[in-house]
Amino acid sequence: MRTFLLRALLLAGFAGGAQAALPTYELTIRDGHFEPASIEVPARQRFKIVVHNAGSGPTEFESTPLRVEKVLSPGVTSFVVIHPLKPGRYPFFDEFHMDLPEGEIIAR
């Protein structure tokens, strides 16, 4: 019985670790400017955005329709995972720099 349980646990661990990596997109925010300003992603698929603050002050990656918010200190890199999106355009902005243009995610 122990051998059976051990094998089942090992197989479950390998199956969980065999998940495919999420598609990943890089986004740099420099004093409220997004690089790139637009990110194109496949619709109906989870993905990750790695956000880097290359500016001199705090920054925020925020999107109301995506219900995501991430504040970063200068020099910090972090990430957000976005749920599968329907085709469309999803704006994001830096709340510390509301006077600058928004960025957008385009799901196709």
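Look up: the structure comes first, before these words.
Conventions adopted
Residues numbered from 1 in each chain as written. Predicted model: local features only at pLDDT ≥ 70, side-chain atom pairs only at ≥ 80, totals over all residues. Heavy atoms only, no water. Salt bridge = Lys/Arg side-chain N within 4 Å of Asp/Glu carboxyl O. Helix = DSSP H or I, 4+ residues; strand = E, 2+ residues; numbered from the N terminus. Buried < 20%, exposed > 50% of the residue type's maximum accessible area, 1.4 Å probe, protein only. Lys, Arg positive; Asp, Glu negative; His and termini not counted. Polar contact = N/O pair within 3.5 Å; in protein donor to acceptor, adjacent residues only side chain to side chain. Contact = heavy atoms within 4.5 Å. Pairing = 2+ DSSP bridges. Axes fitted to C-alpha atoms, helices over the stretch in contact; angles between N-to-C directions. Core = buried A, V, L, I, M, F, W, Y, C linked by side-chain atoms within 4.5 Å.

**Quick notes on the pattern of salt bridges**
Stage number 1. One pass over the full model with this rule turns up three salt bridges.
Stage number 2. The partner of Arg30 in a salt bridge is Glu35, and the shortest N-O contact between them spans 3.1 Å.
Stage number 3. Between Arg108 and Glu40 there is a salt bridge, with the nearest N and O atoms lying 3.0 Å from each other. Taken as a pair, Arg108 in the segment after strand S9 (103–107) and Glu40 in strand S3 (residues 38–41) lie far apart in primary sequence, 68 residues in all.

**A short note on the side chain of Asp94**
Stage number 1. Its location among the elements puts Asp94 in the loop between strand S8 (88–92) and S9.
Stage number 2. For the buried residue Asp94, which engages in no salt bridge, the nearest side chain bearing the opposite charge is Arg30, 12 Å off.
Stage number 3. Within polar-contact distance, the side chain of Asp94 engages the backbone nitrogen of Glu60 at 3.1 Å.
Stage number 4. A polar contact of 2.8 Å, which involves the side chain of Asp94, links it to the side chain of His97.
Stage number 5. Each residue touching Asp94, except ones within four places of it in the same chain, is listed here: Ile29, Gly32, Phe34, Thr59 and Glu60.

**Brief notes about the environment of Gly57**
Stage number 1. You can see Gly57 is positioned in the loop between strand S4 (47–53) and strand S5 (59–63).
Stage number 2. Relative accessible area serves as the criterion here: at 18%, Gly57 is assigned to the buried category.
Stage number 3. Measuring from C-alpha to C-alpha, the distance between Gly57 and Arg30 comes to 8.8 Å, with 27 residues separating the pair along the chain.
Stage number 4. With near-sequence residues (within four places) excluded, Gly57 lies in contact with Asp31 and Pro74.

**Some words on the sheet that holds S9**
Stage number 1. Spatial strand order, S3-S9-S8: three strands in an open sheet with mixed pairing. On the outer flanks of this sheet lie S3 and S8, each paired with one strand and no other. Pairs of neighbouring strands in the sheet enclose a mean axial angle of 20°, with direction left out of account.
Stage number 2. Pairing analysis gives four bridges linking S3 to S9, with the strands arranged parallel. Bridge assignment links Glu40 to a residue of S9, and that residue is Ile106.

**Side note on the nonpolar core**
Stage number 1. In terms of nonpolar packing, the biggest core is built from 21 residues, with Leu27, Phe47, Ile49, Phe61, Ile82, Leu85 and Ile105 touching the most fellow members.
Stage number 2. Of all the secondary structure elements, the ones that give two or more residues to this core are strand S1 (24–30), S3, S4, strand S6 (68–72), strand S7 (77–82), S8 and S9.
Stage number 3. Filtering out sequence-adjacent residues up to four positions away, Phe47 remains in contact with Leu22, Pro23, Tyr25, Val41, Val80, Val81, Ile82, His83, Leu85 and Ile105.

**Some points on the environment of Arg44**
Stage number 1. Summarising the element assignment, Arg44 is placed in the loop between S3 and S4.
Stage number 2. Considered as a pair, Arg44 and Pro87 are 43 residues apart in the sequence and their alpha carbons are 7.7 Å apart.
Stage number 3. Discounting chain neighbours no more than four positions away, the residues touching Arg44 are Pro84, Leu85 and Pro87.

Take it as geometry only, folks, not as evidence of what the structure does.
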